[in-house]
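Each chain, written out:
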Amino acid sequence: MDVIGKIPVFDSIAVFREWRKEQTRQNKVVGFVPTMGALHDGHLELVKTAKKECDAVVVSIFVNPAQFAPHEDLDQYPRTFDTDYASLVSTNACAAILLPKVSEMYPVGISLDRSQQRGAFVEVQGLSHQMEGIPRPHFFRGVATVVTKLFNIVQPDRAFFGQKDAQQCVVLRAMIRDLLLPITMRSVPTCREADGMALSSRNRYLTPEMRKISTLLYRAITAAKKNIVEHKVQDREEILKPAYAIIEQVKQECKDQGLDFDIRLDYLSLVDVETLSELQVLGESQAAILSGAIYVGTTRLIDNVLINTEEL
C-alpha cells in the first residue's frame, strides 16, 4: 500500500483485502466504482453518487487487456494516474484506490488474441453479441471477466456504473443476478458537456475541429427520441430516419469543407431494455435503449438515450 496523500493506494490484492476486512469490522457499507483511469467528470459523479449511498467508496483503476482486441488501442489508452489521483482527492468521496497489477489479475497471463487466452473467463450469453458486441465480439467477455474479478477483490455492497455504457449496464446487471452476487447495482445518468456531448476518456483524442463535429451522434439520437416522445412514432424505420439524415448531412458537410478526417457511422440501434433485441415496432410504453456509435476520424464514440425508463 502507498499513501501518497489523502487516499491510500493499493497495488497488492492481499494488502487491499486486509483494508477491506477492517471496513467489515466497522460495519461500513462499501461502494465500488470500477474504472480504467483517464478520469473525467462523469467518473467523479459516480464517486460522489456512491458516497451519498455508502460509508466508504473504493475506486479501481485498471486498463483491462481482456476487453481489447489485437487491433485496438490498448497501448494508446491514456494512463494518467497523477491527475486521476488529484481528481479523486478533490471529490472528498473516495476512501481507497485499487490499482491492481496485470500479473495478479491474470495469473497465467493474458493475450489479446482470444484464441491464445488461457484460464477462467465469464460470459453473459444472449446480451453480449448485439449492439457493441457486433464490431467488438470480444468486449463483453472481457468486461464481465474483469468486473467479476474486481467484485471478488472488493466485495462491495453496491457498485456504480455510468449509463453511457448502456449495454454494459444490462450485461453486468444480468451477471450479478445470474451469479447470485450479493451486490446492489446502480446505473447513473450520463454526464454531458453543455452542448450535449457525452463525457468519455476517448474525447481527448479529438482535435478542436473534430470536437465541434462530434455532437452529431447525440443530436441524431435525440432527434430520433423526439420522434417517439413528441410525434408518437412507433415504426423503427420512421423513428431512426431523422438520425440517419443528421449523420449524412454532417458527413457531406465535412467533405464539402475539405476536412482532413471523415465521419463513419458504425451503427444505430433501438432495442428492448431487458433482452437487447432489436425492435421493429416500439410498444407504446415499452422501455428501450436508442443508441449508436460513430467514428470521427479514427476515434470511436458511443452514446445512447433511454426510452420509457429512467435507469438501466
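A quick note: this is a predicted structure, and the numbers were derived from the prediction, not measured.

A. Quick look at the domain arrangement of the chain. Per the domain assignment, the segments making up the chain are domain 1 (9-188) and domain 2 (203-305). For domain 1 and domain 2, the distance between their C-alpha centroids amounts to 27 Å. On the domain 2 side, the residues contacting the 20 residues of domain 1 number 17 residues. Buried area between domain 1 and domain 2, summed over both chains or domains, comes out near 1,300 Å², and the portion from carbon and sulfur atoms is 55%. Counting the contacts that link domain 1 with domain 2 gives 1 salt bridge. Its salt-bridge partner being Arg-300, residue Glu-132 comes within 2.7 Å of it at the nearest N-O pair. Scanning the region where domain 1 abuts domain 2 turns up 7 residue pairs in polar contact (both at pLDDT 80 or more). Looking at side-chain class alone, the side of domain 1 that touches domain 2 contains 9 nonpolar, 6 polar and 5 charged residues.

B. Here's a closer look at the side chain of Gln-130. Structurally, the position occupied by Gln-130 is in the loop between helix H4 (102-105) and helix H5 (139-154). Within the local environment of Gln-130, its side chain forms a polar contact with the side chain of His-129, the two groups lying 3.3 Å apart. If sequence neighbours within four positions are ignored, Gln-130 has contacts with Gln-167, Thr-275 and Leu-276.

C. Expanded view of the nonpolar core. Counting 48 residues, the largest nonpolar core has Val-58, Phe-151 and Ile-289 as its most contacted members. Ranked by the residues each element gives to this core, the list is headed by H5, at 10 residues. Split by domain, the residues of this core number at least three in each of domain 1 (9-188) and domain 2 (203-305). Apart from residues no more than four positions distant in its own chain, Ile-289 is found in contact with Ala-166, Val-170, Ser-269, Leu-270, Val-271, Val-273, Leu-276, Asn-304, Val-305, Leu-306 and Leu-312. Core analysis: the next-biggest nonpolar cluster, separate from the first, contains 32 residues, Met-210, Ile-228, Val-233 and Ile-307 among them.

D. Representation of the pairing of strand S10 (residues 299-307) in the model. Of all 9 residues in S10, 8 are buried; the element is thus mostly enclosed. Two elements, strand S9 (residues 288-296) and S10, share 9 bridges in a ladder whose sense is antiparallel. Directly across from Ser-291, in S10, lies its bridge partner Asn-304. In sequence, S9 turns back onto S10 through a hairpin of 2 residues, with Gly-297 there showing a positive phi of about 65°.

E. Inspection of the environment of Asp-266 at higher detail. Of note, Asp-266 is situated in strand S8 (residues 263-272). Here Asp-266 is in contact with Pro-135, Ala-293, Ile-294, Tyr-295 and Arg-300, once residues within four sequence places are set aside. Among the polar contacts made by the side chain of Asp-266, one reaches the side chain of Arg-300 at a distance of 2.9 Å.

F. Spatial organisation of H5. An ideal rise of 1.5 Å per residue puts 22 Å on 16 residues; H5 measures up with 22 Å between its terminal C-alpha atoms. Of all 16 residues making up H5, 14 are buried, and the element is well covered by its neighbours. Count one or two residues on from H5 and you reach Gln-155, which has phi positive near 50°.

G. Highlighting the packing of aromatic side chains. Tallying each qualifying case throughout the model produces 7 aromatic pairs. Residues Phe-68 and Tyr-77 carry aromatic rings whose centres are separated by 6.1 Å and whose planes lie at 75° to one another, so their mutual orientation is edge-to-face. Neither residue differs from the other here; Phe-68 and Tyr-77 are each classed as buried. In this structure an aromatic cluster arises from ring pairing among Phe-10, Phe-16 and Trp-19. Note that Arg-141 overlies the ring of Phe-121, its terminal NZ or CZ placed 4.0 Å from the centroid.

H. Structural detail: the environment of Phe-62. Mapped onto the elements of the fold, Phe-62 is located in the loop between strand S4 (56-61) and helix H3 (81-91). As for Phe-62 and Pro-34, which are separated by 28 residues in sequence, their C-alpha atoms are 8.0 Å apart. Sequence-distant contacts of Phe-62, that is, excluding residues within four places in its chain, are made with Thr-35, Met-36, Pro-100, Lys-101, Val-102, Met-105, Tyr-106 and Val-146.

Quick notes on the rules
Residues numbered from 1 in each chain as written. Predicted model: local features only at pLDDT ≥ 70, side-chain atom pairs only at ≥ 80, totals over all residues. Heavy atoms only, no water. Domains from an automatic or database assignment. Contact = heavy atoms within 4.5 Å. Buried area = accessible area lost by both parts, 1.4 Å probe. Salt bridge = Lys/Arg side-chain N within 4 Å of Asp/Glu carboxyl O. Polar contact = N/O pair within 3.5 Å; in protein donor to acceptor, adjacent residues only side chain to side chain. Nonpolar A, V, L, I, M, F, W, Y, C, P; charged D, E, K, R; others polar. Helix = DSSP H or I, 4+ residues; strand = E, 2+ residues; numbered from the N terminus. Core = buried A, V, L, I, M, F, W, Y, C linked by side-chain atoms within 4.5 Å. Buried < 20%, exposed > 50% of the residue type's maximum accessible area, 1.4 Å probe, protein only. Pairing = 2+ DSSP bridges. Expected span 1.5 Å × (residues − 1). Phe/Tyr/Trp six-rings, centres within 6.5 Å; stacked < 30°, edge-to-face > 60°. Lys NZ or Arg CZ within 6 Å of the ring centre and 35° of its normal.

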